[in-house]
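Reading the structure
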Amino acid sequence: MVLELSRTYFPDGTNGKLECKGKFICNTIELPWKNNETKVSCIPDGKYFIKKRYSRKFQWHLEVIDVKNRSLVLFHPANNALKELNGCIAPVTKISGPGLGLQSRLAFAKLKDMVYRALDSTETVLLIIKS
C-alpha cells in the first residue's frame, strides 16, 4: 500500500491531503516546518514506512519509521497541531485553519483500519510526503 501526503506549509502549521491510489482518505495537520527540529517541526518530505504501535496514551496507533534524526513520529488524533503535536501527523476530517482540524478521531479510525488491514495481510505500507 502506498499513501501519498501532499502538504501546504503555513507559519502556524502544515496542512495536508492523504490519498491512496489517487483516492482521498483524509486531511492532515502537522506542526510548521522548522528544519526537522525535534518536537517543534513536521518531518521532511520523503519516503517512510509505517508500522503498528501501542502505547498507554494513544492505544493502538501508527508509527512513521526511519525518519532521519527523529524518533516516535506517530499518526494519532489531534485537532490543534501547536497544542497537541510534537512532530507527529494528525488525520482530520476537515481543515479549519493552518495546523487546525476537526473530527480527528473519526479520520484517524478510518486511516488506522485501512492501514491495519494492509499490515495484517503482510503488505508493507509506504508513506510518500511531498509539497
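Shown above is the structure to which this text applies.
Here we summarise the structure given alongside this text. (Residues numbered from 1 in each chain as written. Predicted model: local features only at pLDDT ≥ 70, side-chain atom pairs only at ≥ 80, totals over all residues. Heavy atoms only, no water.)

A short note on the overall build of the chain
- The number of helices and strands found in the chain is two helices and ten strands.
- Sequence-ordered secondary structure for the chain, helices as α and strands as β, is β-β-β-β-β-β-α-β-β-β-α-β.
- Taken against the 2.2 N^0.38 rule, which gives 14 Å for 131 residues, the C-alpha radius of gyration of the chain at 13 Å falls within 12% of a compact globule.
- Considering only C-alpha atoms, the chain reaches an extent of 40 × 30 × 30 Å along its principal axes.
- Here the contacts in the chain between residues at least 6 apart in sequence split such that 51% fall between residues at least 24 apart. (Helix = DSSP H or I, 4+ residues; strand = E, 2+ residues; numbered from the N terminus. Rg over C-alpha atoms; globule rule 2.2 N^0.38 Å. Contact = heavy atoms within 4.5 Å.)

Examining unusual backbone geometry
- A positive phi angle is found at N36, which is not glycine, with a value near 65°.
- Take N36: it is sitting in the loop between β3 (23–30) and β4 (46–55).
- On the basis of relative accessible area, N36 is assigned to the buried category, the value being 12%.
- Positive phi values are uncommon outside glycine, yet Q59 reaches one of about 60°. (Buried < 20%, exposed > 50% of the residue type's maximum accessible area, 1.4 Å probe, protein only.)

Observations regarding the packing of aromatic side chains
- Taken as a whole, this structure holds two aromatic pairs when the rule is applied.
- Relative to Y116, the ring of W60 lies with its centre 6.4 Å away and its plane at 85°, an arrangement referred to as edge-to-face. Within this pair, whereas W60 is found in strand β5 (residues 59–65), its partner Y116 is found in helix α2 (residues 104–120), the two being separated by 56 residues in sequence.
- Here a set of aromatic residues connected by ring pairs shows up, and it is made of Y54, W60 and Y116.
- A cation over an aromatic ring shows up here: K52 above the ring of Y116, its NZ or CZ 4.7 Å from the ring centre.
- Over the face of the ring belonging to Y116 we find K112, whose NZ or CZ atom lies 5.7 Å from the ring centre. (Phe/Tyr/Trp six-rings, centres within 6.5 Å; stacked < 30°, edge-to-face > 60°. Lys NZ or Arg CZ within 6 Å of the ring centre and 35° of its normal.)

So, to be careful, I would describe these as geometric facts and stop short of saying anything about function.
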